[in-house]
Amino acid sequence: MLFQLHSSKHEIEKIHELLTQFFTKIADAETAEFSNSLFPTWVNDDIMKGKLKENFEGFFHRCKTSLSQDEVSLLSKTFLENNDIIELCLNKAASLTGLDDLPQNISAIVDFQVTTGKNLFQWLYSYILTSKDSPILKTLNTSLNDHFESFQSKNPSICTFCGLETYTLIDTEGRPDYDHYLNSSQYPFSAVNLNNLFPMGLRCNQRVKGADHILFDNFLEKHRRTSFYPYNSKYSYKDFEYQLECLEEPNISNGLKGQFNVSIDAIDKDDEVLKENLRTWVSVFDVEKRYAEEIRRSTKSWIDIIIYDSFPEVKETNPENNVDQNIDLSISENVKICKLTDARITSMVNLVPQFIFHQYLLENSSIIRALIKIDENTSSKVNMNWLN
Ligand SMILES: [Zn+2]
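Computed from a prediction, not measured in an experiment: that's the story for all the values here. (Residues numbered from 1 in each chain as written. Predicted model: local features only at pLDDT ≥ 70, side-chain atom pairs only at ≥ 80, totals over all residues.)

Participant: What is the right way to read the overall build of the chain from this model?
Facilitator: Within the chain one finds 15 helices and 10 strands. Taking 21 Å as the expected radius of gyration for a compact globule of 388 residues, we find that the chain reaches 27 Å, considerably beyond that expectation. Summarising its shape, the C-alpha atoms of the chain cover approximately 95 × 40 × 35 Å along the three principal directions. Considering the chain as a whole, with its 388 residues, one finds that 35% of them fall into the buried category. (Helix = DSSP H or I, 4+ residues; strand = E, 2+ residues; numbered from the N terminus. Rg over C-alpha atoms; globule rule 2.2 N^0.38 Å. Buried ≥ 20, exposed ≤ 12 C-beta atoms within 10 Å, placed from the backbone.)

Participant: What's the story with the packing of helix α12 (residues 323-337) against helix α14 (residues 351-363) in this structure? I'm lost.
Facilitator: In a packed pair of helices, the relevant descriptors are the angle between the two axes and the axis-to-axis distance. Taken N-terminus to C-terminus, the directions of α12 and α14 make an angle of 155°; their axes are 9 Å apart at the nearest point. As far as their axial angle goes, α14 and α12 are roughly antiparallel. Considering how the two elements wind past one another, α12 and α14 form a crossing that is left-handed. From α12, I331, N334 and V335 reach across to α14, where they touch H358, Q359, L361 and L362. Looking at the contact of α12 with α14, its residues break down into 4 nonpolar, 3 polar and no charged. (Axes fitted to C-alpha atoms, helices over the stretch in contact; angles between N-to-C directions. Parallel < 35°, antiparallel > 145°, perpendicular 65-115°, else oblique. Left-handed = near helix turned anticlockwise from the far one by under 90°. Contact = placed C-beta atoms within 7 Å. Nonpolar A, V, L, I, M, F, W, Y, C, P; charged D, E, K, R; others polar.)

Participant: Looking at this model, I keep getting lost on the environment of H16. Mind explaining?
Facilitator: Position of H16 relative to the elements: it lies in helix α1 (residues 14-25). Placed 67 residues apart in sequence, H16 and N83 show a C-alpha to C-alpha distance of 9.6 Å. Beyond its immediate stretch of four places on either side in the chain, H16 contacts V192, N193 and L194.

Participant: Sorry if this is basic, but what is going on with helix α11 (residues 287-310) here?
Facilitator: Given 3.6 residues per turn, any residue in an α-helix points the same way as the ones three and four places further on. The terminal C-alpha atoms of α11 lie 32 Å apart, and with 24 residues this matches the ideal 34 Å at 1.5 Å per residue to within 8%. Along α11, the sharpest kink reaches roughly 55°, centred on S298. Among the residues making up α11, those that are buried are V287, R290, Y291, A292, E294, I295, T299, I303, I306, I307 and S310. (Expected span 1.5 Å × (residues − 1). Bend = angle between axes of the 7 residues up to and from the residue.)

Participant: Even after reading the chapter, I still don't get helix α2 (residues 50-66), so can you show me in this structure?
Facilitator: Helix length check: α2, at 17 residues, gives a terminal C-alpha distance of 24 Å against a target of 24 Å (1.5 Å per residue), a fit within 8%. Where α2 is concerned, the buried positions are N55, F56 and F59. The buried residues of α2 occupy an angular sector of 90° when the element is viewed end-on, so they sit on one face. Looking at α2, the residues exposed on the side facing more than 90 degrees away from the buried face are G50, E54, H61 and T65. Along its buried surface, α2 packs onto α1, β1 (113-115) and α6 (120-129). (Arc of directions from axis to C-beta.)

Participant: What should I look at first to understand the domain arrangement of the chain in this one?
Facilitator: A common measure of how large an interface is: the accessible area buried when the components associate. Taken domain by domain, the chain consists of domain 1 (11-224) and domain 2 (237-384). Domain 1 and domain 2 are separated by 43 Å when their C-alpha centres are compared. Taken together, the contact between domain 1 and domain 2 spans 13 residues of the former and 14 residues of the latter. A per-class count over the side of domain 1 that touches domain 2 returns 8 nonpolar, 2 polar and 3 charged. (Domains from an automatic or database assignment.)

Participant: Mind showing me how you'd approach the nonpolar core here?
Facilitator: Core analysis: the largest hydrophobic core is formed by 90 residues, its most contacted members being L124, V192, F285, I356 and I368. Summarising the domain contributions, this core has at least three residues from each of domain 1 (11-224) and domain 2 (237-384). Setting aside its immediate chain neighbours within four residues, L124 contacts L129, A191 and V192. (Core = buried A, V, L, I, M, F, W, Y, C linked by C-beta atoms within 7 Å.)

Participant: What is the right way to look at the environment of E248 in this model?
Facilitator: Examined against the element boundaries, E248 turns out to sit in strand β7 (residues 240-248). In this structure, E248 is in contact with N254, G258 and Q259, ignoring residues within four places of it in sequence.

Participant: When you look at the packing of α11 against α14 in this model, what are you seeing that I'm missing?
Facilitator: In contact at an axis separation of 9 Å, α11 and α14 are set at 70° when each is read in the N-to-C sense. Classified by the interaxial angle, the pair formed by α11 and α14 is roughly perpendicular. Both α11 and α14 take part in a crossing whose hand is right-handed. Of the residues in α14, those in contact with Y291, E294, I295, T299 and W302 of α11 are V352, P353, Q354, I356 and F357. Of the residues assigned to the contact of α11 with α14, the class counts are 7 nonpolar, 2 polar and 1 charged.

Structure representation (C-alpha cells):
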C-alpha cells in the first residue's frame, strides 16, 4: 500500500466488543445459561431480543450441548486469535486458524446457517453492522456511513491499495464498500471487526482482491506470509523503487500504445520485512500489472503534453529554442509535476504510473524525438505526425 491509513475509536466498534465478550464468557465452564450477562452491560433486553437473541441463544446452546469444555475453549481461543489482525499481518508465526482448520464438529457450529446462506457472523455483518434497521445501531445512534465520515475526515479519498482510484460511494449509503482484509468465508470471527474492515476502492475490492487470502502465498499448503497492516505501517511509497521495462516502444504504427513491464522492489534490499510485505501487496492487488496497463493506456496523452510543451511558442522559459532542444526541458518539467510527494500521492489518482513513465523518459527521450518531424518547407513549424 502507498500510505498508512488513520483510524479512530468509533461507537460502531461496540458490535465487535459484544462478540468478544460473548466468546470470552462462553468459555467459562460456570456459564450454563444464556443471559445478558454474557454481553457488555449496555446490552439490555431492548437490544437482545428478536432475531438477535434467537441467533446468539441458538449458538450458545449448540456450543454447550454439542461441544466438550475443551472444544468450547478452543473455539473461544480461536476467536480471539483471529481478531488480533495487526499481529496476524505482521507476524507470520502468529496462529491463524481458519474455518477449514477447526475440528469438523466445531466448524459445523461456527458455520451453522442462521438464515439462508449466512452463518451467525455473516448475518451480523449484513443485518447488524451494515443494515439501517439494525437494532444495535439504532441504540448506539450510529451507522457504518457515520464511521466512514469519521474515516474520511482523517484520510485521503485516494485508495491506498492502488492509488489508481478514489472511493466509489454506494448511492444509497454514502460510503464505499468495506473490504474484509481477512476474508469472512474462511475467517468469520472477524467479520464485524473494524480492525479487519477497510474502506477500499471498488476495483481493488471487487475486481482484484476479492476473497484472496492475504496472509497465505499458498493457501492449500498453508504457507503463511506477512502483509502491510493499513492502520499500522512504517512503510510507504517512499520505501519502494519503481522500474519500467519497455517491451515495445509507443510509436505511430501502434497508436502510441507500447508494451511495458513494471516492477516494484524495496529500496532497502536488507529489509526482509519490507520485501515480504511488498510482495504480498503487489501480488494481492496486482499492482505491477495494473500500473503497466495504466501506462499503456495513458502514454499518448502524456507524450502529447510533452510535445505540446516543447513548442517554441508555448515554451516560456526557452522561447527561442527549437522543439528538439526543448524536449529535454519539457520532460524534466513534467517529471517535476508527477514527483512522488505526500501531498500528491494522497490527492492525485494514477500518480505512480505517471511518475514511473516520466522517469523512464528522462533516459529515453528518443521515444519523443521519433514522433517529431521538422517541416522542411517552413523550418519553424513542427509536425506531430501521428496527428496527420
Ligand atoms: Zn484501489
